[in-house]
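The chain contents come next:
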Amino acid sequence: MKLYGVTGYKNAGKTGLMVRLVTEITARGFTVSTIKHAHHATDIDHEGRDSYRHRQAGAGQVLVSSPVRWALMTELRDAPEPSLDDLLMRLNPVDLVLIEGYKLAPHPKVEAHRFETGRPLLAPQNPTIRAVASNATPDVTCPIFHLDDTAAIADFIVSGVGL
């Protein structure tokens, strides 16, 4: 599977860009899956839900299935977080996996950047960042796209991975 990432600081527009890229790239006929890294405890179910109650009771894994989707949740219970490679092995094959976060992982990335956050760019110090998508015109040597130019960013990614 081909991999490409979207990275950047908090509130830089990563998730919005990811959503637009998934929409754009799947509309071109490619299959896409995503992985998102969170730096905090994340729940995909909530207190009161049956799956939440199963996890709270001590289940190591909880699989929820319906006619529309299924999800497998695994509680780490103080075990180390799986590596990105371990997580990728759990995905069904697709044309492209878009990865949100994982700033230091070796796959190529586009950095999402919003000028108003006041945060510096990661690109000058991170050689895995191949382009910057920003609402400003930063001073970098890699290609620059407007943060909202989803089609051009998708073209860059699809071309970069050879799809």
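Details of the structure are given in the entry above.
Residues numbered from 1 in each chain as written. Predicted model: local features only at pLDDT ≥ 70, side-chain atom pairs only at ≥ 80, totals over all residues. Heavy atoms only, no water.

Colleague: So what's going on with the nonpolar core? Residues and values would help.
Modeller: In globular proteins that are soluble, nonpolar side chains generally tend to be buried together. One finds L17, L21, I25, L96, L98, V110 and I153 to be the most contacted residues of the largest nonpolar core, which totals 21 residues. Counting residues per element, the ones that place at least two in this core are β1 (2–7), α1 (14–27), β5 (96–100), β6 (109–113), β7 (129–134) and α4 (150–161). Here the element with the most residues in this core is α4; it accounts for 5 residues. Counting 8 residues, the second-largest nonpolar core is a separate cluster that includes L88, V97, I99 and A105. (Core = buried A, V, L, I, M, F, W, Y, C linked by side-chain atoms within 4.5 Å. Buried < 20%, exposed > 50% of the residue type's maximum accessible area, 1.4 Å probe, protein only. Helix = DSSP H or I, 4+ residues; strand = E, 2+ residues; numbered from the N terminus.)

Colleague: Account for the sheet that holds β5, naming residues and giving values.
Modeller: Sheet architecture is open: 6 strands sit in the order β2-β5-β1-β6-β7-β8, paired in parallel fashion. A single partner strand is all that each edge strand has here, and the edge strands are β2 (32–36) and β8 (144–146). For this sheet, the mean inter-axis angle between neighbouring strands, taken without regard to orientation, is 25 degrees. Note that β2 and β5 share 5 bridges and pair parallel. Paired with I35 across the strands is I99, a residue of β5. Of the strands in this sheet, β1, β2, β5, β6 and β7 are in contact with α1, which crosses β5 at around 170 degrees. (Pairing = 2+ DSSP bridges. Axes fitted to C-alpha atoms, helices over the stretch in contact; angles between N-to-C directions. Contact = heavy atoms within 4.5 Å.)

Colleague: Quick one: what's the story with the packing of aromatic side chains, residue by residue and with numbers?
Modeller: For the coordinates displayed, the defined rule picks out 1 aromatic pair. Positioned above the aromatic ring of Y9, the side-chain terminus of R119 is 3.8 Å from the ring centre. (Phe/Tyr/Trp six-rings, centres within 6.5 Å; stacked < 30°, edge-to-face > 60°. Lys NZ or Arg CZ within 6 Å of the ring centre and 35° of its normal.)

Colleague: Describe in detail a nonpolar patch on the surface, supporting the description with residues and values.
Modeller: Taken together, the side chains of L63, W70 and L72 make up a nonpolar region of the molecular surface, amounting to roughly 350 Å² of accessible area. The residue L63 is located in strand β3 (residues 61–65) in this model. (Patch = residues over 30% accessible without salt bridge, like charges linked within 9 Å, V, L, I, M, F, W, Y side chains within 5 Å. Areas by Shrake-Rupley, 256 points an atom, 1.4 Å probe, with all protein chains shown as cover. Salt bridge = Lys/Arg side-chain N within 4 Å of Asp/Glu carboxyl O.)

Colleague: Go over the environment of L91, please, and point to the residues and values.
Modeller: Along the polypeptide, L91 turns up in the loop between α3 (84–88) and β5. Between the C-alpha atoms of L91 and S33, which are 58 residues apart in sequence, the distance is 7.9 Å. When residues no more than four places from it in sequence are discounted, the contact partners of L91 are M1, S33, I35 and V97.

Colleague: If you had to explain α1 to someone new, which residues and values would you point to?
Modeller: With 14 residues, α1 extends 20 Å from end C-alpha to end C-alpha; this agrees with the ideal 20 Å at 1.5 Å per step. For α1, every residue scored as buried is listed here: K14, L17, M18, L21 and I25. Take α1 and look down its axis: the buried residues cluster within an arc of 100 degrees, on one side only. (Expected span 1.5 Å × (residues − 1). Arc of directions from axis to C-beta.)

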